[in-house]
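Chain and residue survey
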Amino acid sequence: MSTIEGSLDIFWENNAQRTATPRYMLVFARYQNFKSGAQPAKHLVGADALESYLAEIGFDATDAKDWVKQLQAAGSVSIPHIWMPEEQMAAYEQSGPVAVKLDMAS
């Protein structure tokens, strides 16, 4: 399995609403061949989904639970030097220029 080294930043998007189901935004920044500009993000809903995803990309269950606990305490975490499986990279890769349609009628 091919992997890419980088850092994974996880943000708890609705952390001000402690009773709501948590929504997370994940951003992976590769260390080599980094493309500047806005980085695409992966979105997950619920702590169980986040734990499952972390296990899917190679974290053991205990480490995944620990990262979720740190995230719940701080609102965001940055996990350096992880090896992302290449098949997971589509969610984090820029696919080229993004066309923006401006509504000039207003």
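Structure: see above.
Residues numbered from 1 in each chain as written. Predicted model: local features only at pLDDT ≥ 70, side-chain atom pairs only at ≥ 80, totals over all residues. Heavy atoms only, no water.

Between helix α1 (residues 47-56) and helix α2 (residues 61-74), whose axes approach to 9 Å, the crossing angle comes to 135°. Considered as vectors, α1 and α2 are oriented oblique to each other. Considering only the axes of α1 and α2, their crossing is right-handed. Residues Ala 47, Leu 50, Glu 51 and Leu 54 of α1 lie in contact with α2, whose contacting residues are Ala 64, Lys 65, Trp 67, Val 68, Leu 71 and Gln 72. (Axes fitted to C-alpha atoms, helices over the stretch in contact; angles between N-to-C directions. Helix = DSSP H or I, 4+ residues; strand = E, 2+ residues; numbered from the N terminus. Parallel < 35°, antiparallel > 145°, perpendicular 65-115°, else oblique. Left-handed = near helix turned anticlockwise from the far one by under 90°. Contact = heavy atoms within 4.5 Å.)

Glancing now at unusual backbone geometry. Positioned with a positive phi, His 81 is a non-glycine residue whose angle comes to about 55°. In this fold, His 81 is placed in strand β4 (residues 76-85).

This part is about the nonpolar core. The tendency in soluble globular proteins is for nonpolar side chains to be buried as a group. With 22 residues, the main nonpolar core has Leu 8, Ile 10, Leu 26, Leu 50 and Met 84 as its most contacted residues. When contributions to this core are tallied by element, the ones reaching two or more residues are β1 (3-12), β2 (23-30), α1, α2 and β4. Sequence-distant contacts of Leu 50, that is, excluding residues within four places in its chain, are made with Ile 10, Tyr 24, Leu 26, Leu 44, Val 68 and Leu 71. (Core = buried A, V, L, I, M, F, W, Y, C linked by side-chain atoms within 4.5 Å. Buried < 20%, exposed > 50% of the residue type's maximum accessible area, 1.4 Å probe, protein only.)

This paragraph deals with the pairing of β2. Most of β2 sits inside the fold, with 6 of its 8 residues counted as buried. In terms of strand pairing, β1 meets β2 through 7 bridges, oriented antiparallel. Paired with Asp 9 across the two strands is Val 27, which belongs to β2. Across 4 bridges, the pairing between β2 and strand β3 (residues 42-45) is antiparallel. Among the inter-strand pairings, Arg 23 is bridged to a residue of β3, identified as Val 45. (Pairing = 2+ DSSP bridges.)

Below, the discussion takes up the sheet that holds β1. Strand pairing in a sheet relies on backbone hydrogen bonds. The paired strands run either parallel or antiparallel. Read across the open sheet, the 4 strands follow the order β3-β2-β1-β4; overall the sheet is antiparallel. Each edge of the open sheet carries a strand with a single partner, namely β3 and β4. Across the sheet, the axes of successive neighbouring strands diverge by a mean angle of 30°, strand direction being ignored. In terms of strand pairing, β1 meets β4 through 8 bridges, oriented antiparallel.

Each α-helix turn comprises 3.6 residues. Residues three or four places apart therefore point the same way. Buried within α1 are the following residues: Leu 50, Glu 51, Tyr 53 and Leu 54. Within α1, the buried residues cover an arc of 160° as seen down the axis, which keeps them to one side. Seen from the buried face of α1, the exposed residues on the opposite side, beyond 90 degrees, are Asp 48 and Glu 56. Residues of α1 that are buried sit in contact with β1, β2, β3, α2 and β4. (Arc of directions from axis to C-beta.)

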